[in-house]
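# Structural characterization, general
Residues per chain, in single letters:
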Amino acid sequence: AGIGKCVALDLARRNARTILACRNRERGQAAVEEIRAATGNPAVLLRLLDTSSLASVRAFAQAVLREEKRLDVLVNNAGLTGLPFTLTPEGLEKTFATNYLGPFLLTNLLLG
């Protein structure tokens, strides 16, 4: 939803192979189908990613490096605000993990 969906829509309109990295499978798949229908681009894909989980970030990065020949653009758009203090299963404060640590790790893992 929001900015991330708009960016994905624009990239798909430019005929880019576009991977939507989403926490929620149902909402992500709905966005994929909407973007495919609006652009006619069948190369819009869904991959699950929760940037608050460093294990999820590592698994996502591994899959991208294994499955994709190259990565030209990375848009880090995940973000949370206004949550009560919560720890992730890895013991990290959830907002900090989601907004900073996860995207930082993902970017570094994908640099190659």
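In what follows, the structure referred to is the one given above.
Residues numbered from 1 in each chain as written. Predicted model: local features only at pLDDT ≥ 70, side-chain atom pairs only at ≥ 80, totals over all residues. Heavy atoms only, no water.

### Thoughts on the environment of Leu 54
Within the fold, Leu 54 resides in helix H3 (residues 54–67). Relative accessible area serves as the criterion here: at 17%, Leu 54 is assigned to the buried category. The spacing of Leu 54 and Ala 97 is 43 residues in sequence and 8.0 Å in space, taken between C-alpha atoms. Those residues in contact with Leu 54, other than ones at most four positions away along the chain, are Glu 90, Leu 92, Leu 101, Gly 102 and Leu 105. (Helix = DSSP H or I, 4+ residues; strand = E, 2+ residues; numbered from the N terminus. Buried < 20%, exposed > 50% of the residue type's maximum accessible area, 1.4 Å probe, protein only. Contact = heavy atoms within 4.5 Å.)

### A word on the layout of surface pockets
Volume-wise, the largest pocket comes out at about 1,300 Å³. What lines the largest pocket is a set of 42 residues, and nearest its centre among them are Ile 19, Leu 20, Ala 21, Cys 22 and Val 75. Of all elements in the fold, only helix H1 (2–13), strand E1 (18–22), helix H2 (25–39), H3 and helix H4 (94–110) reach the threshold of two or more residues within the lining of the largest pocket. It is H1 that contributes the most residues to the lining of the largest pocket, seven residues altogether. (1 Å grid on protein atoms, 1.4 Å probe; cavity = no way out; pocket = protein on both sides within 12 Å on 5 of 7 lines; lining within 4 Å. Points joined across faces, edges and corners; volume = space filled by probe spheres on them.)

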